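# Descriptive structure summary
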Amino acid sequence: CCGDAASPADGSSMLSAMLDGSTDGEQALLLRKMAKRDTVTKLKALGELREALSAHGASWAAELMPHWVPHFVRLSGDGSWQVRESACAALGQLASLLGRQLAPHLRPLMAAWLCAKHDPHGGTAAAAAAAAAAA
C-alpha cells in the first residue's frame with residue numbers, strides 16, 4: 001500500500017542506542033533479528049518480542065518503543081503477510097501495555113499503521129485494527 005515511508009531500519013540507530021545505554025542487550029538482539037532479510041528470522045524475532053513483552057512489562061516496552069518504531073514501519077511493508085500480521089500483533093501488545101505512553105510515537109507510526117489497517121490480507125488488517133483498538 002504505502003511502501004517504506006521512512007528510512008529503513010538499519011543497525012546504526014540501534015548501535016548508537018546500545019552505546020549510550022538506552023537499550024538492553026535483549027532488546028538490541030531482537031531488533032537486530034528483525035532487521036534481517038529472512039522471513040523466518042523476522043517471524044521468530046517477532047514471536048520472541050511478544051514473549052519478552054509479556055515477561056518484562058510496560059517499563060521494558062517503554063524503553064523499546066523509540067527503537068521499535070522504524071522497525072515497525074519497515075516490517076509493516078514486508079512482502080510476507082505473516083511478518084506484517086505478526087508486526088501488527090506486536091504493536092497491539094505494545095499499545096495495550098503502554099497506553100498513553102504510546103502518544104509521542106504515534107506520528108511516525110500512523111502512516112504505516114493505517115496502511116496495515118487496509119492490508120489486502122485480512123489477518124493483517126484485523127491485527128492492525130485490533131492494535132488501534134488497544135491504543
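Look up a bit, the structure's there.
Overview of the structure. (Residues numbered from 1 in each chain as written. Predicted model: local features only at pLDDT ≥ 70, side-chain atom pairs only at ≥ 80, totals over all residues. Heavy atoms only, no water.)

The next thing to look at is the overall build of the chain. Scanning the chain from terminus to terminus reveals 7 helices and 0 strands. When the 135 residues of the chain are sorted by exposure, 41% land in the buried category. For the chain, long-range pairs separated by at least 24 residues make up 65% of all intrachain contacts whose partners lie at least 6 apart in sequence. (Helix = DSSP H or I, 4+ residues; strand = E, 2+ residues; numbered from the N terminus. Buried < 20%, exposed > 50% of the residue type's maximum accessible area, 1.4 Å probe, protein only. Contact = heavy atoms within 4.5 Å.)

Bringing the nonpolar core into the picture now. With 33 residues, the main nonpolar core has Met 34, Leu 46, Leu 49, Met 65, Trp 68 and Phe 72 as its most contacted residues. Elements that contribute at least two residues to this core include exactly α2 (25-34), α3 (39-56), α4 (58-75), α5 (81-98), α6 (106-117) and α7 (122-134). Ranked by residue count, the leading element in this core is α4, at 9 residues. (Core = buried A, V, L, I, M, F, W, Y, C linked by side-chain atoms within 4.5 Å.)

All right, on to α6 then. Those residues of α6 lying buried are Leu 109, Ala 112, Trp 113, Cys 115 and Ala 116. The arc that holds the buried residues of α6, viewed along the axis, is 160 degrees, so those residues lie on one side. Buried residues along α6 sit in contact with α4, α5 and α7. (Arc of directions from axis to C-beta.)

Further remarks concern the packing of α2 against α4. It is the contact of α2 with α4, at a shortest axis distance of 11 Å, that shows an interaxial angle of 5 degrees. Relative to α4, α2 is oriented roughly parallel. Facing α2, whose interface residues are Glu 26, Gln 27, Leu 30, Leu 31 and Met 34, α4 presents Trp 60, Glu 63, Leu 64, His 67, Trp 68, His 71, Arg 74 and Leu 75. Among the residues making up the contact of α2 with α4, the classes are represented as 7 nonpolar, 3 polar and 3 charged. (Axes fitted to C-alpha atoms, helices over the stretch in contact; angles between N-to-C directions. Parallel < 35°, antiparallel > 145°, perpendicular 65-115°, else oblique. Nonpolar A, V, L, I, M, F, W, Y, C, P; charged D, E, K, R; others polar.)

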